[in-house]
Amino acid sequence: AQKITQTQPGMFVQEKEAVTLDCTYDTSDQSYGLFWYKQPSSGEMIFLIYQGSYDEQNATEGRYSLNFQKARKSANLVISASQLGDSAMYFCAMREGLAGGYNKLIFGAGTRLAVHP
Amino acid sequence: DVKVTQSSRYLVKRTGEKVFLECVQDMDHENMFWYRQDPGLGLRLIYFSYDVKMKEKGDIPEGYSVSREKKERFSLILESASTNQTSMYLCASSPTGDRGTEQYFGPGTRLTVT
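Criteria and cut-off values
- Residues numbered from 1 in each chain as written.
- Chains lettered and ligands numbered in written order.
- Predicted model: local features only at pLDDT ≥ 70, side-chain atom pairs only at ≥ 80, totals over all residues.
- Heavy atoms only, no water.
- Core = buried A, V, L, I, M, F, W, Y, C linked by side-chain atoms within 4.5 Å.
- Buried < 20%, exposed > 50% of the residue type's maximum accessible area, 1.4 Å probe, protein only.
- Helix = DSSP H or I, 4+ residues; strand = E, 2+ residues; numbered from the N terminus.
- Contact = heavy atoms within 4.5 Å.
- Salt bridge = Lys/Arg side-chain N within 4 Å of Asp/Glu carboxyl O.
- Pairing = 2+ DSSP bridges.
- Polar contact = N/O pair within 3.5 Å; in protein donor to acceptor, adjacent residues only side chain to side chain.

**Q** Would you mind going over the nonpolar core in detail, with residue names and values included?
**A** By size, the foremost hydrophobic cluster in this structure holds 24 residues, and its most contacted members are Y25, L34, W36, I49, L77 and Y90 of chain A. For this core, the elements supplying multiple residues, two or more each, are strand 3 (19-21), strand 5 (32-39), strand 6 (46-52), strand 8 (64-69), strand 9 (74-79), strand 10 (88-96) and strand 12 (111-116) of chain A. Per-element tally for this core: the top contributor is strand 10 of chain A, with four residues. If sequence neighbours within four positions are ignored, Y90 of chain A has contacts with Q6, L21, W36, Y37, K38, L48, L77, I79, G110, T111 and L113 of chain A. Formed by 21 residues, the second largest nonpolar core is a distinct cluster that contains L11, I60, Y89 and C91 of chain B.

Here you go:
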């Protein structure tokens, strides 16, 4: 069965430091996609970054990068130069299957990140 | 700009009441989803719909039903609310597309059943 595991319920980091949020996944599919979402205290889910299983390069979006290690089935989110506004809940998610499907996602339990000044 | 709206941010209902949670998207997306979010459990899929009047059960459909009469609107129904349905409910939509197609979320409804 497909599964996403985030083993860190909570993390804290000093402002301007880098932080890595862990995510491991389990799937028997060869074709899948991995997403990271941010959820501030206001509740809305904000899409951060995407990595496809066939993408050879790690995805990057501004201060966010995804450290994709396919053999280890891990897709860790790296936030560089943390800011106070990065304090939020972070969810890793996976989509299985080929293009054109329903686009269902499976989510991990989340990691709450606190950025300290 | 992409927009998913939910009818209420906060809702308090009594046990046994019928509860309707409404979700509207303005992006002409085929797919719509209802999740519940609980601490330590992340987001769990209740139901999703891939077309008008079409629906599929997610991982935790028990105690819920859904309705999609128009493409832009997806309703979650609690036929007889119970205290264990106290939770945050999130609606999302997405187009049918490649593996990288993200889901767009509404602001959430925090439901309390007393």
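**Q** Quick rundown of the pattern of salt bridges? Include the residues and the values.
**A** Residues and elements named next belong to chain B. The final tally for this structure, using the stated rule, is eight salt bridges over all chains. For R73, the salt bridge identified is with E22, shortest N-O distance 3.8 Å. Taken as a pair, R73 in strand 8 (residues 73-78) and E22 in strand 3 (residues 19-25) lie far apart in primary sequence, 51 residues in all. Under the relative-accessibility criterion, E22 is labelled partly exposed at 22%. Among the salt bridges present, the one from E69 reaches K53, with a minimum N-O distance of 2.5 Å. Placement of the pair is E69 in strand 7 (residues 64-70) and K53 in the loop between strand 5 (42-51) and strand 6 (54-57), with a sequence separation of 16 residues. Of the residues examined, E69 reaches a relative accessible area of 52% and is grouped as exposed. For K53, a relative accessible area of 57% corresponds to the exposed category. Linked through salt bridges whose partners overlap, the residues forming this network are R36, D38 and R44.

**Q** Outline the pairing of strand 3 of chain B, listing residues and values.
**A** Residue and element names in this part refer to chain B. On strand 3, burial follows the alternation: V19, L21, C23 and Q25 on one face are buried, whereas F20, E22 and V24 on the facing-out side are not. As judged from the three bridges shared by strand 1 (residues 4-6) and strand 3, these two strands associate in the antiparallel manner. Of the residues in strand 3, the one forming a bridge with V4 is Q25. Sheet topology places strand 3 next to strand 8; six bridges connect them, and they run antiparallel. Paired with C23 across the two strands is F74, which belongs to strand 8.

**Q** For the side chain of Q103 of chain B, give the residues involved together with the corresponding values.
**A** Counting through the fold element by element, Q103 of chain B comes out in the loop between strand 9 (87-94) and strand 10 (104-105). Overall, Q103 of chain B belongs to the buried group, its relative accessible area being 1%. There is a polar contact of 2.8 Å between the side chain of Q103 of chain B and the side chain of Y35 of chain B. The residues contacting Q103 of chain B, other than those within four sequence positions of it, are Y37, N103, K104 and L105 of chain A together with F33, Y35, A92, S93 and S94 of chain B.

**Q** Before we move on, can you summarise unusual backbone geometry with the specific residues and values?
**A** Phi is positive for K16 of chain A, which is not a glycine, with a value near 80°. Within the element layout of this structure, K16 of chain A appears in the loop between strand 2 (10-14) and strand 3.

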